[in-house]
Amino acid sequence: NHLQQGSFIPYGLRAAFDLPTPEHHEGVYAYYFYRLIQRAEEVTMLYTSHADDKSTGEPSRYIRQLDYESPHTVEHFEVGVDVNLVPQEEIEVEKDARVMHSLLRFVDAERKGTLSPTALYRYVACPMRFYFHSVARLRTEDTVAEEVDAPMFGTILHAAAQALYKRIEGVPNPGEMLNALARSGEVERAVDGSIATNYLNRESVPKEEYPGNLLLVRDIVIRYLKRGVMAYDAAHDDFAVVGREEKVDYAFPFTSAGASFELKLSGIADRIDLLNNGLLRVVDYKTGTPHLEFKGVEALFYGEARERQSNTLQTLLYAMMLSHSRGCDVLPTLYYVRNMHREEYSPLLVDMERKESGLTYRHYADEFETLLGKLLDELFNPSIPFRQTEDENTCQYCDFKLLCRR
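A brief report on the enclosed structure follows.

What counts, and at which threshold
- Residues numbered from 1 in each chain as written.
- Predicted model: local features only at pLDDT ≥ 70, side-chain atom pairs only at ≥ 80, totals over all residues.
- Heavy atoms only, no water.
- Helix = DSSP H or I, 4+ residues; strand = E, 2+ residues; numbered from the N terminus.
- Rg over C-alpha atoms; globule rule 2.2 N^0.38 Å.
- Buried < 20%, exposed > 50% of the residue type's maximum accessible area, 1.4 Å probe, protein only.
- Contact = heavy atoms within 4.5 Å.
- Areas by Shrake-Rupley, 256 points an atom, 1.4 Å probe, with all protein chains shown as cover.
- Disulfide = S-S within 2.5 Å.
- Pairing = 2+ DSSP bridges.
- Axes fitted to C-alpha atoms, helices over the stretch in contact; angles between N-to-C directions.

Turning our eyes to something else, we now look at the overall build of the protein chain. Along the backbone of the protein chain there are 14 helices and 9 strands. Here the C-alpha radius of gyration of the protein chain, 31 Å, is well above what a compact globule of 406 residues would show, namely 22 Å. In the protein chain, which comprises 406 residues, the share counted as buried stands at 43%. Sequence-distant contacts in the protein chain: of pairs separated by 6 or more residues, those separated by 24 or more amount to 69%. By element, 50% of the accessible surface of the protein chain is carried by carbon and sulfur atoms, the whole surface being about 24,400 Å².

Looking now at the state of the cysteines. Evaluation of the coordinates by the stated rule reveals 0 disulfides. Of all cysteine sulfurs in the structure, the one in Cys 395 sits closest to Cys 126, which takes part in no disulfide; the separation is 6.0 Å. We classify Cys 126 as buried; its relative accessible area is 7%.

Moving on: the sheet that holds strand S2 (residues 239-256). Pairing is mixed across the open sheet formed by 4 strands, whose spatial order is S2-S3-S4-S6. The sheet is open, and its two edges are formed by S2 and strand S6 (330-336), each paired on a single side. Across the sheet, the mean angle from the axis of one strand to that of its neighbour is 40°, orientation sign disregarded. Examined bridge by bridge, strand S3 (residues 259-275) and strand S4 (residues 280-286) share 4 bridges and lie antiparallel to one another. Among the inter-strand pairings, Ile 272 is bridged to a residue of S4, identified as Val 282. Across the sheet, helix H14 (residues 365-379) is in contact with S2 and S3; its angle to S2 comes to roughly 55°.

Written out as structure tokens, the structure reads:
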């Protein structure tokens, strides 16, 4: 059967030249079946009546033949199997001495643990996810993707953007330089260099050696940079780049269970600009679906799952760290590269609760830091265990959903 299915000889030629056909193979299997039961005194055949991807829930044709064409009496028995599913119990982890020792490294000045905005969002999304990743420090296995997946696409674009914007770092009103870079072929060279280093793990690879899917990725990244990021910045060039992939940190003071702590927050900002009006701007490149609207600061911490937007919360955390460490107001922005070619595009956050857009961090500072302090009070309170999120949609892409039996 396997040989017949793997052959290039069509059915018509097989039938004409008396080569094996599907009917021949079916006859062979029928012969095997009847010879198998030929001298048996008692034959028991079982089938499942449950239809699924692999079974129609119908009895075999051999059972039908014995029932309708043979002189033998076939007795039918229905056997019911009661399957009682054990109720799924919620999982939680108590903050015992071992757990607290690991957790307190984020507030102990003598230990090296720091908490990134990404890690803090994990707690907002699901305390159990935070526990697995940042307290138990479980790591998922690295998988080798045959094609450029979404995270690698973002890595390629980020690295190429950093290489290009290094050329204009510190230059005020760099619009003309950005337009010149876009015409010079530097974008193509930066993207090729990023692909070679980050995806192909080589110093340089000729474009002619790229497979077809990688050529498509290359063209898309080039288009996003030329027609999106660089074109937008050239048209709105009232800034100077003052930081690329820059480490930003801040010790955030809070209280939990009657004790005072300072959380060591640290992260890498994609880009920091100094605007002509004296504001700092933190820029976060995003390759996913645009989400600039949010329903107020409180919803970012305690709203429904779809309202706890990671991108918005993280960029506000960077704005908070910069405002304290640099002593000035900060404008949080999200560069969603797939939409930046549109004339009406704006990277400013849209606060649906206040019905305003483009608000700087000082407008949110009091409420944001109060809510952050409340969240940390809960996180570091020994009497509050790590629990699973109530919204199981959050679990869909979680690395630890098998551990949670979700």
